[in-house]
Amino acid sequence: MTEQAIDRAGLADFLRRRREALQPEDVGLPRGQRRRTSGLRREEVAALCHMSTDYYTRLEQERGPHPSEQMTSAIAQGLHLTLDERDHLFRLAGHHPPTRGADGDHVGPGLLRILDRLTDTAAEVVTELGVTLRQTPLGAALIGDTTRFTGPERSLGYRWFTDPTSRERYRPEDHPYLSRLYASHLRTLVTRRGPDSRAARLADLALAHSAELRDLWERHEVGLRPHEPKHFVHPEVGALELHCQTLLDPDQSHLLMVYTAVPGTESHEKLQLLSVLGVGGTV
């Protein structure tokens, strides 16, 4: 599939107009008292897109390098674009738009707006295959930075059966049911998405690595549901009993998962402590 030519003028104008249309509150940033810029500043957008201000500025000025697909995806996410806007951005940058739907990694602006406001809450956005796309700081402190994985290891279901360390933050007595749960969910997705889907390829890889999954696969269990409450074992604060609320983006099959503790409980106090400790586990 051949690439399209980059439309530098169109790309620059689209980026500029989208930046000017966004307000600090839209992306979880404080407005401040001396803001004169209409919309976001270039350095703010660059930070949201995880790139240098110089790189982003050159794109708005119709110069600089041809942004890669990965860089274009980062810009689309940083600017909180809708799927239609993301596809338009990719075409302006000379690329074919990524896949939509269950296999897509673009987090919709609605979920992002909510996530940006959950600064003091443990939350994450995950795909139907258990790939973490975004985490709040407290979410990363609770379950670790699960956005760092690459390849099939991005999926918690895959890691569960191939990496013993993935089970360390879950109560040992829950492991057998969680294994059944992940096997059930993966089998359901393979049937729903078909033999040529990402779910099917992931299942083949996991089955080749895990005798436990092969045994569970033969049981053909489907329809299992997560238990409530959830029990975590954190290396710094110990056991936590949490409740999980979810919000679904039906266009992308993404879930916003929010973990909370009952106020006044020991688990609630431990979550507050984790918000201070952070991912590194030290004050």
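What comes next is a walk through the structure.

Reading the values: rules and limits
- Residues numbered from 1 in each chain as written.
- Predicted model: local features only at pLDDT ≥ 70, side-chain atom pairs only at ≥ 80, totals over all residues.
- Heavy atoms only, no water.
- Helix = DSSP H or I, 4+ residues; strand = E, 2+ residues; numbered from the N terminus.
- Rg over C-alpha atoms; globule rule 2.2 N^0.38 Å.
- Areas by Shrake-Rupley, 256 points an atom, 1.4 Å probe, with all protein chains shown as cover.
- Lys, Arg positive; Asp, Glu negative; His and termini not counted.
- Charge placed at Lys NZ, Arg CZ, Asp CG, Glu CD.
- 1 Å grid on protein atoms, 1.4 Å probe; cavity = no way out; pocket = protein on both sides within 12 Å on 5 of 7 lines; lining within 4 Å.
- Points joined across faces, edges and corners; volume = space filled by probe spheres on them.
- Nonpolar A, V, L, I, M, F, W, Y, C, P; charged D, E, K, R; others polar.
- Phe/Tyr/Trp six-rings, centres within 6.5 Å; stacked < 30°, edge-to-face > 60°.
- Buried < 20%, exposed > 50% of the residue type's maximum accessible area, 1.4 Å probe, protein only.
- Lys NZ or Arg CZ within 6 Å of the ring centre and 35° of its normal.
- Salt bridge = Lys/Arg side-chain N within 4 Å of Asp/Glu carboxyl O.

### Concerning the overall build of the protein
- In terms of regular secondary structure, the protein is built from twelve helices and five strands.
- A compact globule built from 283 residues should have a C-alpha radius of gyration of about 19 Å, and the protein, at 21 Å, falls within 12% of that.
- Dimensions of the protein, computed from C-alpha atoms along their principal axes, come out at roughly 55 × 50 × 30 Å.
- When the accessible surface of the protein is totalled, it reaches about 14600 Å², and 51% of it is carbon and sulfur.
- Charge-centre separation for the protein: the mean point of 36 positive side chains lies 4 Å from the mean point of 40 negative side chains.

### Some points on the layout of surface pockets
- The space that makes up the second largest pocket amounts to roughly 1200 Å³.
- In terms of lining residues, the second largest pocket is bounded by 42 residues, among which S73, A74, Q77, L133 and R134 are the most central.
- When residues of the lining of the second largest pocket are traced back to their parent elements, those giving at least two are α2 (42-48), α4 (69-78), α5 (83-92), α6 (109-116) and β2 (132-135).
- With seven residues, α4 is the largest single contributor of residues to the lining of the second largest pocket.
- Per-class residue counts for the lining of the second largest pocket are 17 nonpolar, 17 polar and eight charged.

### Here we look at the packing of aromatic side chains
- Summed over all chains, the structure comprises four aromatic pairs.
- Taken together, a centroid distance of 5.7 Å and an interplanar angle of 80 degrees make the contact between W160 and Y170 edge-to-face. Linking W160 in helix α8 (residues 156-162) with Y170 in the loop between α8 and α9 (175-193), this pair joins segments that are ten residues apart in sequence.
- By relative accessible area, Y170 is classed as buried at 15%.
- Pairwise contacts between aromatic rings join W160, Y170, Y182, F232 and Y259 into one cluster.
- When the ring centre of F149 is taken as origin, the NZ or CZ atom of R159, which lies over that ring, is 4.1 Å away.

### Thoughts on empty space enclosed by the protein
- Taken as a whole and assessed by the stated rule, the structure comprises one cavity of 30 Å³ or more.
- Of the pockets and cavities examined, the largest cavity occupies roughly 40 Å³.
- In this structure, the largest cavity is lined by R180, A183, S184, R187, L216, W217 and E221.
- Secondary structure elements with two or more residues in the lining of the largest cavity: α9 and α11 (211-219).
- Counting residues per element, the lining of the largest cavity draws most heavily on α9, which supplies four residues.
- For the lining of the largest cavity, a count of residues per class yields three nonpolar, one polar and three charged.

### Details of the pattern of salt bridges
- A complete count under the given rule lists 19 salt bridges for this structure.
- Of the charged contacts in the structure, one is a salt bridge between R100 and D84, with a shortest N-O distance of 2.6 Å. Separated by 16 residues along the polypeptide, R100 in the loop between α5 and α6 and D84 in helix α5 bring together distant segments of the chain.
- The exposure class assigned to R100 is partly exposed, which follows from its relative accessible area of 39%.
- Given the relative accessible area of 55%, D84 is considered exposed.
- A salt bridge links E266 to K270; the shortest N-O distance between them is 3.5 Å.

Remember that the coordinates give geometry; whether it matters functionally is a separate question.
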